[in-house]
Amino acid sequence: LRANISVIQKETGFVNGLIAVLHDITEQEKIDMERREFVANVSHELRTPLTTMRSYVEALAEGAWKDEEIAPNFLEVTQNETERMIRLVNDLLQLSKLDSKDYQLTTEWVDFVQFYSRIIDRFELAKEQNVRFERKLLDQATFVEIDPDKLTQVLDNIISNALKYSPEGGKITFKMVEEEEMIIISVSDEGVGIPKDNLEKIFERFYRVDKARTRKLGGTGLGLAIAKEMVEAHGGKIWARSVEGKGTTVSFSLPYLQTEEDDWS
Ligand code: ADP
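Let me sum up the structure you'll find in this document.

Rules and cut-offs
- Residues numbered from 1 in each chain as written.
- Predicted model: local features only at pLDDT ≥ 70, side-chain atom pairs only at ≥ 80, totals over all residues.
- Heavy atoms only, no water.
- Helix = DSSP H or I, 4+ residues; strand = E, 2+ residues; numbered from the N terminus.
- Buried < 20%, exposed > 50% of the residue type's maximum accessible area, 1.4 Å probe, protein only.
- Contact = heavy atoms within 4.5 Å.
- Areas by Shrake-Rupley, 256 points an atom, 1.4 Å probe, with all protein chains shown as cover.
- Lys, Arg positive; Asp, Glu negative; His and termini not counted.
- Charge placed at Lys NZ, Arg CZ, Asp CG, Glu CD.
- Phe/Tyr/Trp six-rings, centres within 6.5 Å; stacked < 30°, edge-to-face > 60°.
- Lys NZ or Arg CZ within 6 Å of the ring centre and 35° of its normal.
- Pairing = 2+ DSSP bridges.
- Axes fitted to C-alpha atoms, helices over the stretch in contact; angles between N-to-C directions.
- Near = heavy atom within 4 Å.
- Polar contact = N/O pair within 3.5 Å; in protein donor to acceptor, adjacent residues only side chain to side chain.
- Nonpolar A, V, L, I, M, F, W, Y, C, P; charged D, E, K, R; others polar.
- Expected span 1.5 Å × (residues − 1).

1. Overview of the overall build of the protein
Next, step 1: Helix and strand counts for the protein come out as 7 helices and 9 strands.
Next, step 2: Projecting the C-alpha coordinates of the protein onto the three principal axes gives extents of approximately 70 × 60 × 45 Å.
Next, step 3: Counting over 265 residues, the protein shows a buried share of 36%.
Next, step 4: Across the protein, contacts joining residues at least 24 apart in sequence account for 66% of those joining residues at least 6 apart.
Next, step 5: Just so you have it, the protein exposes about 16800 Å², and 51% of that area is on carbon and sulfur atoms.
Next, step 6: Averaging the positions of the 34 positive and the 48 negative side-chain charges in the protein gives two centres separated by 6 Å.

2. A closer look at the packing of aromatic side chains
Next, step 1: Applying the stated rule across the entire model yields 6 aromatic pairs.
Next, step 2: Aromatic side chains Phe112 and Tyr116 sit 6.0 Å apart centroid to centroid with 50° between the ring planes, which places their arrangement in the tilted category. Of this pair, Phe112 and Tyr116 both sit in helix H3 (residues 112-126), 4 residues apart, roughly one helical turn.
Next, step 3: Owing to a relative accessible area of 0%, Tyr116 belongs among the buried residues under this scheme.
Next, step 4: Aromatic rings pair up to connect Phe112, Phe115, Tyr116, Phe133 and Phe174 into one cluster.
Next, step 5: For the cation-ring pair, Lys127 lies above Phe133, with the distance from its terminal atom to the ring centre recorded as 5.4 Å.
Next, step 6: Here Arg205 stacks its cationic end above the ring of Phe38, 5.5 Å away from the centre of that ring.

3. Quick notes on the pairing of strand S7 (residues 182-189)
Next, step 1: With respect to burial, S7 is a largely interior element, 7 of its 8 residues being buried.
Next, step 2: Summarising the sheet, strand S6 (residues 171-179) and S7 pair through 7 bridges and their orientation is antiparallel. Among the inter-strand pairings, Phe174 is bridged to a residue of S7, identified as Val187.
Next, step 3: In sequence, S6 turns back onto S7 through a hairpin of 2 residues, with Glu181 there showing a positive phi of about 55°.
Next, step 4: Pairing analysis gives 8 bridges linking S7 to strand S9 (residues 247-255), with the strands arranged antiparallel. Following the sheet pairing, Asp189 is matched in S9 by Thr248.

4. Comments concerning the sheet that holds S6
Two pairing modes exist for strands in a sheet, parallel and antiparallel, and in both the strands are linked by backbone hydrogen bonds.
Next, step 1: Read across the sheet, 5 strands follow the order S4-S6-S7-S9-S8 without closing on themselves; strand pairing throughout is mixed. The sheet terminates laterally at strand S4 (132-136) and strand S8 (238-243), the two strands that pair on one side only. Strand-to-strand, the axes of this sheet are offset by a mean angle of 15°, without reference to chain direction.
Next, step 2: In the sheet, S4 pairs with S6 via 5 bridges, with the strands oriented parallel. Bridging from a neighbouring strand, Arg132 pairs with Lys171 of S6.
Next, step 3: Sheet contacts for H3: S4, S6, S7 and S9; angle to S4, the most-contacted strand, approximately 175°.
Next, step 4: The strands that helix H4 (residues 148-164) touches are S4, S6, S7, S8 and S9; relative to S9, the one it contacts most, it runs at about 170°.

5. Regarding the site of the ligand
Next, step 1: Neighbouring the ligand are 18 residues; Asn161, Asp189, Thr220, Gly221 and Leu224 lie closest to it.
Next, step 2: A distance of 2.7 Å separates a nitrogen atom of the ligand from a polar atom in the side chain of Asp189.
Next, step 3: Within the complex, 97% of the 540 Å² of free accessible area of the ligand lies under protein.
Next, step 4: Residue assignment for the shell around the ligand shows that the elements contributing at least two residues are H4 and helix H6 (223-233).
Next, step 5: Within the shell around the ligand, the residues separate by chemical class into 7 nonpolar, 8 polar and 3 charged.

6. What about the side chain of Thr78?
Next, step 1: Among the structural elements, Thr78 can be located in helix H2 (residues 70-99).
Next, step 2: Once residues lying within four places of it in the same chain are set aside, the contact partners of Thr78 are Met53, Tyr56 and Val57.

7. Notes on H3
Owing to its 3.6 residues per turn, the α-helix aligns residues three or four sequence positions apart on the same side.
Next, step 1: Given a rise of 1.5 Å per residue, 15 residues ought to cover 21 Å, and the 21 Å separating the end C-alpha atoms of H3 matches this to within 8%.
Next, step 2: With a side-chain oxygen positioned 3.0 Å from the backbone nitrogen of Val113, the residue opening H3 is Asp111.

This is the structure we're talking about:
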């Protein structure tokens, strides 16, 4: 059952009525609706960079190519848009693989402390912003059965968001704790944060809190949706906590059974 509620409000701000429309939607209708919405989103996401590119290429063809100052700039825009489309299509391919029934993980036993550290190292070396990294990982080897490629992508998506939304001079904290039969991995930033009502939606396909801004930052709106599918394929969960203006923590869990061998170390 879905309810659409409209509030009737006067210019003075007084609410003088509510209209509630109740829809009963079956599971199939819901799937159909989601599919249509997805196709509409994909089309829109592809059309935006394409129309931008068309107008820049047109301007170049009409003579801007002769201008030594304008031409490189226009070419750069076209290049960025092309790259964004490639990212988008790659993300879409990932999702369609995840959706297919014969989707399988290629798992191995990995010490997650070392695995996580290497990924953080890579970001620390490559980062261009002035952002400090703090690590609070477990201090002993912790073996979990994972698909390393998939979890690398999960962490890449989460960490690149943390960097994207971090302010100059901010700190990113990487944590890993052990809880009952689970390890919990989290990445916290000191960025803009996410409004409470949107916290669950950020894991939906194409959901962005601020469409214009995040598109400018190069996002596809699919990163966390992919991360969610991948974590769930491992039997884990993913969630976010945030305080607007203070920062965001994105966490996920992975099943972890402490074996007796671990106790020997
Ligand atoms: P995108 O490619 O747009 O980053 P994601 O699926 O990775 O897509 O994230 C969805 C949306 O969630 C982003 O557009 C952004 O609005 C919000 N978001 C994700 N991570 C953060 C973060 N660390 N701080 C603030 N907002 C975030």
